[in-house]
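Each chain is listed here by its residues.
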Amino acid sequence: MRKILLIVISALFVQGLAAQDEVLDVLHDELARNMAVLSKEAEPAYYMNYRVQDSYTYTIVTSFGNLALSMPRHSRIFNGMVRVGSRQMDNTREIKSGGYGYGGGVMAQQLPVENDPLALRNVIWEATDRQYKESVKQYENVKANVAVKVEAEDKSDDFSQQQAETYYEAPVDFADILPHIEKWEERLKKYSGVFSDNEDILQCSSNMSIELVRKYFVDTEGTSVAENSWAYRISVSASTTAEDGMNLPLYKSYFAYDLDELPSEGQILDDMKQMSAMLSALRVAPVVEAYSGPALMTANAAGVFFHEIFGHRVEGSRLKQETDAQTFKKKVGETVLPADFSIIFDPQIKEYEGMPLSGSYVFDDEGVRGRKVEVVSGGKLESFLMSRTPIEGFPVSNGHGRGMIYMNPVTRQSNLILESSAPKSESQLRAMLIEEAKKGGKEYAYLFDNVAGGFTTTGRYMPNAFNVTPLVVYKVYTDGRPDELVRGVDLVGTPLSMFSQIAACGSDPDVFNGYCGAESGSIPVSCVSSSLLINMVETQKKSKSQSQPPILERPQAE
Amino acid sequence: MTMKAKNITKYLLAAAAALCVAHAAPAQSGDYVLDAIRGEVDRNMQGLRIDKLQPPFFISYTVADVRQMDASASLGALVGSNEVSYRVGSPFVLVGDYMHNNSNFGEFNVNYSQPPFSIEKDPVGIANNIWNDLDAYYKSAAERFESKQATLRQQKQPEEEANLSDFEQRDPVTLMMEPLHIEIDRAYWENYVKKASEIVRRYPDIIDSRVNASAREVTMHYYNTEQSSYAVPSFVCSVQLTVSAMADDGQQISDDVIIAEPSFEQLPSLEEFTAQCERFIEDFLALRAAPMIDDAYCGPVMFEGESVAELVQQMFFLNRSLIAQRKPVTAYSSSNPLEMMMNKKVISRSLSIESLSGTEYYKGRKLAGYFPIDAQAVAPDKQLTLVEDGVLRNMLNGRIPTPKTGGSNGHMRLEVNFRIPQIAPGNVRLSSNQPYTNEQLRQMLLDAAREEDLDYGYIVRRSDGPSVIAIYRVYVADGHEELVRGAQISDLNMRSFKHVLGASDQEIIYNSSAMGNMASYIVPDALLFEELEVARNSSLNLKSPYIVERPVVE
């Protein structure tokens, strides 16, 4: 495989190269042509942008050592935005008591994958017309809503002013990053084939996704971006069912920007064997009851935990919604975490201590350069993640307006990095855990070793709570007995009380690369954290299927 | 999506087929998928037991081997092109016995996930999915059987229903056909759609357009514990042009031309399709420029060409009038009320409807709706009368008997999603015992309009299911035609077929996949209704004109 060099060069030369990009040329021309007319309408458009996502993917799926799918796909999707009104108040404003305001995805259209200017422009023109009319209608609704409802608490503008930027990367040929497919089909078959030897495993799959995305963004303020990203993702899942019907899945995923960065075949096979053995152990592990007390989270679990309970509450556009609980909105400058804790979000870095991060990008989906944001420093809340939807005190974006191509971007997370200036070793954390348990008169504490993900609600109408789904949980006994694998608990709680219970951070950073789903769709993010000691967590019994395990054994080769 | 074609000349299903009644299927069929199904179904038949619950007495499983190609283009540029192979499994388990079992107990929603299905020649890989499906299906079936019995103990069923078996027993059949292995030249079809779509560049009034080409080869592998088994391939391919535009008054109109055939050779050449598309676009643009219908009408209406077939499909099959439906025990849904009209007049005595699903050729032409065996291992009749001289005689059915239809006539079909079968037609023929020439029918239309003191009658030439696309006024005074836009026929239903003045002596064959599977409709080229109401479509939503000029290339 040839190495691809990211080409980021001077503005003058960039313009020369960009002029040869037919898609970019069409976007510029059509944007200017439409804006020239729509900005002179009775309800003029004051801002427009166009986005295109040109995606090449190759997907391989195997199960129990058998190939199930091997398929390339190439698609080009167009979306964009037309704003009417003014920066102070436009069609995107929240409609109070009336839903979510600005409807997203009106413009998303399939574009030809070939660079025929007329074919491209025809789709863009038609979608722009529909979007403009929809924006005008929505703006009328906004004006009526503002007239009849109480004044907004947050009086910031609806759209921030940003510095226009030009950025151009030369296109990348998918063939240059595509590995030898047959070879990888065989590898993937080996990975899922590991589970064939374990009769406890009821379902398994190993997937590989190779994706090259070229994102285009142009707007009427002069920003022009053509940015490539490509990645290799392997995800393996397997599950068993306990005698009581509880479905027990485990997942393992690998992410890399370069094929050579993926773990070796031998290492992944070892991981699969461990996963298979763990599933068999989980199947017979005892089910535990609800619990409150101290717990230790391994680094992997802690990353997801912080993404859910903290990350979603520092997303700026969410804090503007009057339906949102706005947990942190008035807490800037206040201590929200232990004094040795810091949290940054940084889309500019592609790795952390050698571990690749999947939440990286140069420009966000609003054409703003992704910037490093120190959200918590010395335990104090310093800032928020911002898109181009301002909130009071934070009038501009820091490049965190993100969304799938089908959706309008909102503020979303990138690479979350939790660090401590006073990290503890693993043995120190464990000693602190046991001491805390003893202090509370507990026979044991919990160790959350692996999680599937989680969810959180940040609104006002439902309890402002979170749920993290542990997959591997141990009881850590205070009397020195060996740790005991258990099953059947979810980690639940409310954010503010949970933050006050975080006691210490480890020195074993790990990364969770995954996808986050929210208002603007599913986007890649990553969470870096070390192990965390929490003085008080709450668990509840996990919901489970009422179905018995399979009656017959899984088919085996004779 | 509807697939339709007038011309079927030959068919490529070259496999030698032999449908035979067999007392026992061979242990090894030579078809590794079928052998894997047989092995795993038999293992499950022996082993699926839950304490205190009934074991299965009937299991079937189908594996659909699918190879699919799709290519699309707009204005000469490729929009997408994909080719994929995959497998889908369809389980079926009955608990109890043929007389009393878990079927016919309302909607059957088994909440089971299907893990990725092996596409390899690995019996264990295939068996894994079958095992997973049958386990979940059996548990649900066994539970539902108990629930159904409990419900029945609290109900008094009418005698004619109580005496009906829940599932019909059939003799075993075996049908082994060779796979087709049709070569799909994707590059050719990519070029085809690009070239065909290029012609739309000449028509700036067409706002959006797309040319699609698709091909799908499927081999169904089936086995049941009655020892029926089959391996049956099928192939369908199509080309389609879809266009949309906006009339000057803001009405958005769209239409498509689809040609679906059972072999690539039967599809039009690029030149033929391009010429057909040009004619179609000219007609479409004439519709765009036509005046909006401005008055209400009640009088004779004639349907012509494909619109007759669309109408027959909609009124008798898409709305399930001629499809049997047993009344479920827990009745949120009901039986088909038309069944109570069995042996009574339901449409004009001049019309008959027959199912020809087991007929391969009609007047020397291969029928795309032909299938040799259905998803329950029942071969459809070569000829099955549904309506005879206006009198209802039968309905399409599967193996759940209904009071008036008896058992299966081989119409349970799996092609919709390869997972859940449904009763659907194959080949259908509507004919008249009093045919007229098209000229006579046109004169009859004018005479009937004159009799009603109308200035004109109506001819429908293009429709999309119940919606009228192209409707023409034919003036009584001089016979000239005027195309109008925005019409709907508000009172069109199956009863409308009771008042048919005449049908054409010419027949057309129209292929459709509107019900998810291929069907061929053999219908008169024209059908004249005595009285229908035509008025402006009340749901029309007129749009404001485009603000920015449509882009053009300098």
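Residues numbered from 1 in each chain as written. Chains lettered and ligands numbered in written order. Predicted model: local features only at pLDDT ≥ 70, side-chain atom pairs only at ≥ 80, totals over all residues. Heavy atoms only, no water.

Enquirer: Can you explain the overall build of chain B? Please cite residues and give values.
Expert: In terms of regular secondary structure, chain B is built from seven helices and 25 strands. Relative to the 2.2 N^0.38 estimate, which gives 24 Å for 554 residues, the radius of gyration of chain B is 26 Å and therefore close to what a compact globule would have. Over its C-alpha atoms, taken along the principal directions, chain B stretches across nearly 80 × 60 × 45 Å. Taken over 554 residues, chain B has a buried fraction of 60%. Taking as baseline every contact in chain B between residues at least 6 positions apart, the subset at least 24 positions apart corresponds to 77%. Working note: accessible area of chain B is about 22,200 Å², and carbon and sulfur atoms make up 47% of it. Between the centroid of the 52 positive side chains of chain B and the centroid of its 74 negative side chains there is a distance of 4 Å. (Helix = DSSP H or I, 4+ residues; strand = E, 2+ residues; numbered from the N terminus. Rg over C-alpha atoms; globule rule 2.2 N^0.38 Å. Buried < 20%, exposed > 50% of the residue type's maximum accessible area, 1.4 Å probe, protein only. Contact = heavy atoms within 4.5 Å. Areas by Shrake-Rupley, 256 points an atom, 1.4 Å probe, with all protein chains shown as cover. Lys, Arg positive; Asp, Glu negative; His and termini not counted. Charge placed at Lys NZ, Arg CZ, Asp CG, Glu CD.)

Enquirer: Can you explain the side chain of Gln251 of chain B? Please cite residues and give values.
Expert: All names here are of chain B. In this structure, Gln251 sits in the loop between strand S6 (229–246) and strand S7 (252–261). In this structure the side chain of Gln251 is engaged in a polar contact, spanning 2.7 Å, whose partner is the side chain of Arg485. The contacts of Gln251, once residues within four sequence positions are left out, are Ala245, Met246, Met292, Arg485, Gly486, Leu540 and Leu542. (Polar contact = N/O pair within 3.5 Å; in protein donor to acceptor, adjacent residues only side chain to side chain.)

Enquirer: Which residues make up the sheet that holds strand S22 (residues 510–518) of chain A, and what values do they have?
Expert: All names here are of chain A. Strand order in the open sheet made by the six strands is S13-S12-S9-S16-S23-S22, with mixed pairing throughout. At either margin of the open sheet sits one strand with a lone partner, and together these are strand S13 (380–381) and S22. Judged from the five bridges that link them, strand S9 (residues 341–345) and strand S16 (residues 415–420) form a sheet pairing that is antiparallel. If you follow Ile344 over to S16, its bridge partner there is Ile417. Of the strands in this sheet, S9, S16, S22 and strand S23 (521–529) are in contact with helix H7 (residues 299–309), which crosses S23 at around 130°. (Pairing = 2+ DSSP bridges. Axes fitted to C-alpha atoms, helices over the stretch in contact; angles between N-to-C directions.)

Enquirer: Pulling in residues and values, what's your account of the pattern of salt bridges?
Expert: By the definition in use, this model includes 65 salt bridges over all chains. Among the ionic pairs, Arg369 of chain A bridges to Glu165 of chain A, the shortest N-O distance being 2.9 Å. Remark: Glu165 of chain A occurs in the loop between helix H3 (117–148) and strand S4 (166–168) and Arg369 of chain A occurs in the loop between strand S11 (355–356) and strand S12 (373–377); sequence separation between them is 204 residues. A relative accessible area of 27% places Arg369 of chain A in the partly exposed class. Among the ionic pairs, Asp166 of chain B bridges to Arg326 of chain B, the shortest N-O distance being 3.2 Å. Of this pair, Asp166 of chain B sits in the loop between helix H3 (159–162) and strand S4 (173–176) while Arg326 of chain B sits in the loop between helix H6 (306–318) and strand S9 (351–355), placing them 160 residues apart in sequence. For the pair formed by Asp166 of chain B and Arg326 of chain B, the shared burial category is buried. (Salt bridge = Lys/Arg side-chain N within 4 Å of Asp/Glu carboxyl O.)

Enquirer: Summarise the sheet that holds strand S23 (residues 507–512) of chain B; cite the residues concerned and give the values.
Expert: Residues and elements named next belong to chain B. Judged by pairing direction, the sheet is mixed, and its six strands sit side by side in the order S13-S12-S9-S16-S24-S23 without closing on themselves. The open sheet has two free edges, formed respectively by strand S13 (391–392) and S23, since each of these has just one partner strand. The sheet contact formed by S9 and strand S12 (residues 384–388) spans three bridges and is antiparallel. Across the sheet, residue Glu354 finds its bridge partner in S12, namely Thr385. Sheet strands in contact with H6 are S9, S12, strand S16 (427–432), S23 and strand S24 (519–524), and its direction is about 115° off that of S24.

Enquirer: If you had to explain the packing of aromatic side chains to someone new, which residues and values would you point to?
Expert: Counting across every chain of the model gives 39 aromatic pairs over all chains. On the basis of an interplanar angle of 75° and a centroid distance of 4.9 Å, the ring pair of Phe57 of chain B and Tyr98 of chain B is categorised as edge-to-face. Of the two residues, Phe57 of chain B sits in strand S2 (residues 56–74) while Tyr98 of chain B sits in the loop between strand S3 (77–95) and helix H2 (123–153), which places them 41 residues apart along the sequence. The class for Phe57 of chain B is buried, based on a relative accessible area of 17%. Look at Phe58 of chain B and Phe92 of chain B: their rings are 6.0 Å apart centre to centre, the planes differ by 75°, and that puts the pair in the edge-to-face class. Of the two residues, Phe58 of chain B is situated in strand S2 and Phe92 of chain B in strand S3; the sequence distance between them amounts to 34 residues. Classification of Phe92 of chain B by relative accessible area gives partly exposed; the value is 21%. An aromatic cluster is defined as three or more aromatic residues linked by ring pairs; in this entry it consists of Phe57, Phe58, Phe92, Tyr98, Tyr137 and Phe167 of chain B. The ring of Tyr546 of chain B has Lys133 of chain A lying over it, and the distance from NZ or CZ to the ring centre is 5.3 Å. Directly above the aromatic system of Tyr257 of chain A lies the positively charged group of Lys350 of chain A, at a separation of 4.1 Å from the ring centroid. (Phe/Tyr/Trp six-rings, centres within 6.5 Å; stacked < 30°, edge-to-face > 60°. Lys NZ or Arg CZ within 6 Å of the ring centre and 35° of its normal.)

Enquirer: Explain empty space enclosed by the protein residue by residue, including any values.
Expert: One water molecule sets the probe size; rolling that probe over the atoms shows where empty space is left. All names here are of chain B. Evaluation of the coordinates by the stated rule reveals five cavities of 30 Å³ or more. What the largest cavity holds in volume is close to 410 Å³. Lining the largest cavity are 25 residues, with Ser234, Tyr370, Phe371, Arg413 and Glu415 positioned closest to its centre. Listing elements by their share of the lining of the largest cavity, those giving two or more residues are strand S5 (206–224), S6 and strand S14 (412–413). Split by residue class, the lining of the largest cavity holds 19 nonpolar, one polar and five charged. (1 Å grid on protein atoms, 1.4 Å probe; cavity = no way out; pocket = protein on both sides within 12 Å on 5 of 7 lines; lining within 4 Å. Points joined across faces, edges and corners; volume = space filled by probe spheres on them. Nonpolar A, V, L, I, M, F, W, Y, C, P; charged D, E, K, R; others polar.)

Enquirer: Can you break down the nonpolar core residue by residue, with the values?
Expert: In this structure, Met208, Phe305, Phe306, Phe310, Leu337 and Leu532 of chain A are the most contacted members of the largest nonpolar core, which totals 101 residues. Looking at this core element by element, the count peaks at eight residues for strand S18 (residues 466–477) of chain A. Those residues in contact with Met208 of chain A that lie beyond four places of it in its chain are Tyr58, Thr59, Ile60, Trp184, Leu188, Tyr232, Arg233, Ile234, Leu259 and Leu262 of chain A. If you look at the next biggest cluster of nonpolar residues, it comprises 76 residues, including Met220, Tyr297, Val308 and Leu396 of chain B. (Core = buried A, V, L, I, M, F, W, Y, C linked by side-chain atoms within 4.5 Å.)

Enquirer: Tell me about a negative patch on the surface, and please be specific about residues and values.
Expert: Residue and element names in this part refer to chain B. Side chains of Glu451, Glu452, Asp453, Glu530, Glu531 and Glu533 sit close together on the surface and give a patch of like negative charge. No other element matches the three residues that strand S25 (residues 526–536) contributes to the negative patch. Counting through the fold element by element, Glu452 comes out in the loop between helix H7 (438–451) and strand S18 (456–464). (Patch = residues over 30% accessible without salt bridge, like charges linked within 9 Å, V, L, I, M, F, W, Y side chains within 5 Å.)

Enquirer: Describe the environment of Asp154 of chain A, listing the residues and the values that go with them.
Expert: Note that Asp154 of chain A resides in the loop between H3 and S4. C-alpha of Asp154 of chain A to C-alpha of Glu392 of chain A: the two residues are 238 residues apart in sequence and 6.1 Å apart in space.

Enquirer: Report on the interface of chain B and chain A, specifying residues and quantitative values.
Expert: Quite often, the size of an interface is put as the accessible area lost when its parts meet. With 48 residues of chain B in contact, the opposing surface of chain A contributes 47 residues. Of the roughly 4,200 Å² buried at the junction of chain B and chain A (both faces included), carbon and sulfur atoms supply 59%. The interface formed by chain B and chain A contains three salt bridges. Notably, a salt bridge pairs Arg201 of chain B with Asp116 of chain A, separated by 2.9 Å at the nearest N-O pair. The tally of links between chain B and chain A comes to 24 residue pairs in polar contact (both at pLDDT 80 or more). For the side of chain B that touches chain A, the secondary structure elements donating two or more residues are helix H1 (32–47), S3, H2 and S5 of chain B. If one sorts the elements of the side of chain B that touches chain A by residue count, H2 of chain B sits on top with nine residues. (Buried area = accessible area lost by both parts, 1.4 Å probe.)

Enquirer: Run through the confidence of the model for chain B, naming residues and quoting values.
Expert: Residues and elements named next belong to chain B. On average, residues of chain B score 90 in pLDDT, and 92% of them reach the 70 mark or higher. Below a pLDDT of 50 lies the segment residues 1–25, which in the model reaches 97 contacts outside its immediate sequence neighbourhood of four places, other chains included. With a pTM of 0.91, the predicted complex shows an ipTM of 0.89. (pLDDT = per-residue confidence, 0-100.)

Enquirer: Help me get a handle on the packing of helix H5 (residues 181–193) of chain A against helix H6 (residues 265–283) of chain A, residues and values and all.
Expert: All names here are of chain A. Relative to each other, H5 and H6 sit at 25°, their axes nearing to 9 Å. Taken together, H5 and H6 sit at an angle that is classed as roughly parallel. Classified by chirality, the crossing of H6 by H5 is right-handed. Contacts between H5 and H6 involve Arg187, Lys190 and Tyr191 from the former and Glu265, Ile268, Leu269 and Met272 from the latter. In terms of residue class, the contact of H5 with H6 is made up of four nonpolar, no polar and three charged. (Parallel < 35°, antiparallel > 145°, perpendicular 65-115°, else oblique. Left-handed = near helix turned anticlockwise from the far one by under 90°.)

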